[in-house]
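Single-letter residue listing:
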Amino acid sequence: MNHYDVLIIGAGHNGLTAAAYLSKAGKRVLVLEKRPVIGGFCVGENDTPALAPFPRGILRPDIIRHLSLERFGLNPAPVSTDLISLLPGGRQLVLSADTAKTVDSISQFSKTDAARWPAFVRFIERAAAFLEAAYATPIPRLPKFSLAEGIPLAQLALKLRALGPKDMHNVIRLLPMTVKELLDEWFESEELKAAIATLGIHNANLGVMSAGSAYNLLHQYLIRGGSSPERNGRGWGQPVQHTHQVIAALEQAARAYGAEIRLNAEVARIMVENDRVTGVRLHSGEHLAASTVLSSVDPKTTFLRLVTPEPLDPEFVWQAQRIKMRGVTAKLQLTLASSVHPLEAIRASASSSVFIIAPSLTYLERAYDAAKYGQISEKPYLEMTPTGNLLSIHFQFAPYFLKPSAWNEETRRILAQTTWNTLNEYAPHLQSEITNLKSLTPLDLETTFALTEGDPHHGQILLDQFFFMRPLPGYADYKTPIEGLYLCGSGTHGGGGVSGIPGRNAAKSVLA
Ligand SMILES: Cc1cc2nc3c(=O)[nH]c(=O)nc-3n(C[C@H](O)[C@H](O)[C@H](O)COP(=O)(O)OP(=O)(O)OC[C@H]3O[C@@H](n4cnc5c(N)ncnc54)[C@H](O)[C@@H]3O)c2cc1C
């Protein structure tokens, strides 16, 4: 039998990041992926870009450096797109990394807000830089931890203090706030507040008036590429870099450093003896032995399905059952007749852009109201990303738990019709160009991509599921109650989104 030091379950971007770090450090690594393609949600249904659901993201700069990903074809400094809010009457509001351009656009809505924009971006940048430091900090098991384990926490506290008294208090205050409260303190224009607030609810089962939505804004800003000096102010849109490139570079790096990747290799069980991991059993029945196993599958599935419940303490199992997933995002992909984008706004824009339909805070809150009652929003928040002749649409809110009936062909039809109606209102000229429409409901996300309850982040980004409570209180160090079993996916400290943070941190935890 082949012997490996480390088995990694899942070849999404976090599993690959961990594989590259560990094999670079000299470990013999095997990655096991259940699907026939590498990349997890970053790649899509198969390896044909035309069918990909197009998440966008960029690895943190230190990961690109440490793994020399530039050598494997990754552009280290992708340009950010603009975020363009399409408004009634053909108006547009542009949020860009180019401050002058944004100020100019905002001034059409409010001169006061335009004047405040640079200070707001400076604050969000500093807050996101602190969040990045927090995500890179190994979190000890509270309440008992050694002095050595406490040092990184003390260093993080010093970073917070270094923000100065005003920003320090504002950052701490921001975390539990609603994104509406935060933005009401800065701006007066509804259009501007709504455009920024989309980051607070993106992929989250939260409305703009929900506590913690300001934290999600900061998280989204960070993973969209904000906070590092070379990307100043760029967290509003999405990085231009397609996650296919991220995956290709990570795969090449992992293989070049010596990792092996096996496809069509679904793990059925994580094997445990005497509270210690001993390897995995595949669905095919094959056993693979290793003293270290990393799972990039979400924590709920890892603990409740892959590890038999027996080796786990009942209280721990109970806590794992309570991890909140509750996906509310659907994805649609439109094929257009030509690659000349029919959106007037795209023609007017010099750079490639991400377009949103989010005209006011009230509109967004009403869209969320529907989710509370298990309904598809009649007037949804849409984010549209054009690539060639495809338009990828992010749709919120489309709750996994629909009432009265679950997801079926009829509710899929309603999803498509609602999208159609919304586009008709904000971009009517688009309709004649559409030749094909394809949708992924939260149920599809679960069945095709193993995203439990269709949750894009392997666990909602909520105040009771972040920092030392992600995935569970006391387990933010990527370790589990089973010795040798680690988590390395988006449901852990610093995840979700395409950033590589959990994969990097988990690998460091193993090596430490
Ligand atoms: C609709 C949607 C839109 C998104 N948009 C964005 C965006 O614009 N920007 C952004 O930053 N993020 C976005 N995200 C989130 C981002 O895509 C995910 O957070 C990220 O891809 C998760 O990466 P991961 O490596 O942790 O997990 P995954 O990509 O989920 O990888 C886990 C891997 O494990 C495999 N696996 C599962 N079970 C087993 C098993 N038993 N045995 C073997 N293998 C197994 C899966 O097949 C998968 O390949 C979006 C997500 C969704 C759903």
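Novice: Help me out: how do you make sense of the overall build of the chain in this one?
Specialist: Across its full length, the chain carries 17 helices and 15 strands. The principal-axis extents of the C-alpha atoms in the chain amount to approximately 65 × 55 × 45 Å. Looking at the chain residue by residue over its 512 residues, the buried ones come to 53%. A separation threshold of at least 6 residues defines the contact pool for the chain, and within that pool the share at least 24 residues apart is 70%.

Novice: Quick question: what am I supposed to make of unusual backbone geometry here?
Specialist: Glycine aside, the phi torsion of most residues is negative, and most peptide linkages are trans. Cis geometry is found at the peptide bond from Arg470 to Pro471, where omega equals 5°. For Pro471, the location among the structural elements is in the loop between α16 (442-449) and β15 (485-487). For the bond running from Gly495 to Gly496, omega is 0°, close enough to zero to count as cis. If you trace the backbone, Gly496 turns up in the loop between β15 and α17 (501-511). Phi at Ser68 takes a positive value of approximately 50°, unusual for a residue other than glycine. Topologically, Ser68 is positioned in the loop between α2 (61-66) and β3 (82-86). In this model, Glu453 sits at a positive phi of 55°, which is unusual for a non-glycine residue. Examined against the element boundaries, Glu453 turns out to sit in the loop between α16 and β15.

Novice: Before we go on, may I ask you to explain helix α7 (residues 179-186) in this structure?
Specialist: In an α-helix there are 3.6 residues to a turn, and that puts residues three or four apart on one side. Of all the positions in α7, only Val179, Lys180, Leu182 and Leu183 are classed as buried. Along α7, the residues classed as buried sweep out an arc of 160° about the axis, all on the same side.

Novice: Please explain the site of the ligand as it appears in this structure.
Specialist: Neighbouring the ligand are 39 residues, the closest being Gly10, Gly12, Gly40, Pro456 and Gly497. Where the shell around the ligand is concerned, the elements lending two or more residues are α1 (13-24), β10 (329-336) and α16. Among the elements that take part in the shell around the ligand, α1 stands out by supplying three residues, more than any other.

Novice: What's the story with the packing of helix α4 (residues 111-136) against helix α9 (residues 213-223) in this structure? I'm lost.
Specialist: Helices that pack against each other are described as a pair by the angle of their axes relative to one another and the distance between those axes. Running from N to C, α4 and α9 cross one another at 80°; their axes reach a closest spacing of 9 Å. Considering the angle they form, α4 stands roughly perpendicular to α9. The segment α4 lies against α9, with Ile124, Ala127, Ala128, Leu131 and Glu132 engaging Leu218, His219, Tyr221 and Leu222. Residues that form the contact of α4 with α9 fall into these classes: seven nonpolar, one polar and one charged.

Novice: Honestly, the domain arrangement of the chain in this entry has me stumped. Any pointers?
Specialist: Often, the extent of an interface is quoted as the loss of accessible area upon association of its parts. Examined at the domain level, the chain breaks down into domain 1 (6-76 + 242-324 + 460-511) and domain 2 (113-231). Computed from C-alpha coordinates alone, the two centres of domain 1 and domain 2 are separated by 26 Å. Listed per partner, the contact involves 20 residues of domain 1 and 18 residues of domain 2. Among the residues forming the side of domain 1 that touches domain 2, the class breakdown is eleven nonpolar, eight polar and one charged.

Novice: It is not clear to me how the nonpolar core should be interpreted in this structure. Could you clarify?
Specialist: Of all hydrophobic cores here, the largest spans 143 residues; its most connected members are Leu7, Ile8, Ala19, Leu218 and Leu364. In terms of residues, this core owes the most to one element, α4, which gives eight residues. Looking at this core, you find at least three residues from each of domain 1 (6-76 + 242-324 + 460-511) and domain 2 (113-231). With residues up to four places along the chain from it excluded, the contact list for Ala19 reads Ile8, Val29, Val31, Ala254 and Ala259.

Novice: Would you explain the sheet that holds strand β6 (residues 267-273) in this entry?
Specialist: One key point about sheets: their strands pair by backbone hydrogen bonds, in either a parallel or an antiparallel sense. If you trace the three strands from one edge of the open sheet to the other, you get β6-β7-β8, paired in antiparallel fashion. At either end of the open sheet lies a strand with only one pairing partner, and these are β6 and β8 (287-289). Strand after strand, the sheet turns through a mean of 30° between neighbouring axes, direction not considered. Where strand β7 (residues 276-282) and β8 come together, three bridges link them in antiparallel fashion. When the sheet's bridge partners are listed, Val280 is paired in β8 with Leu288.

Novice: Sorry, what's going on with the sheet that holds β3 here?
Specialist: As summarised here, the arrangement of the seven strands in space is β4-β3-β11-β12-β13-β10-β14, forming an open sheet in which the pairing is mixed. Both edges of this open sheet fall to β4 (92-95) and β14 (434-440), since each of them pairs with a single strand only. Taken pair by pair, the neighbouring strands of this sheet meet at an average axis angle of 20°, ignoring direction. When β3 meets strand β11 (residues 353-357), the two strands line up parallel, connected through four bridges. Within the sheet, the bridge partner assigned to Ser85 lies in β11 and is Ile356.

About the cut-offs
Residues numbered from 1 in each chain as written. Predicted model: local features only at pLDDT ≥ 70, side-chain atom pairs only at ≥ 80, totals over all residues. Helix = DSSP H or I, 4+ residues; strand = E, 2+ residues; numbered from the N terminus. Buried ≥ 20, exposed ≤ 12 C-beta atoms within 10 Å, placed from the backbone. Contact = placed C-beta atoms within 7 Å. Arc of directions from axis to C-beta. Near = placed C-beta within 6 Å. Axes fitted to C-alpha atoms, helices over the stretch in contact; angles between N-to-C directions. Parallel < 35°, antiparallel > 145°, perpendicular 65-115°, else oblique. Nonpolar A, V, L, I, M, F, W, Y, C, P; charged D, E, K, R; others polar. Domains from an automatic or database assignment. Core = buried A, V, L, I, M, F, W, Y, C linked by C-beta atoms within 7 Å. Pairing = 2+ DSSP bridges.

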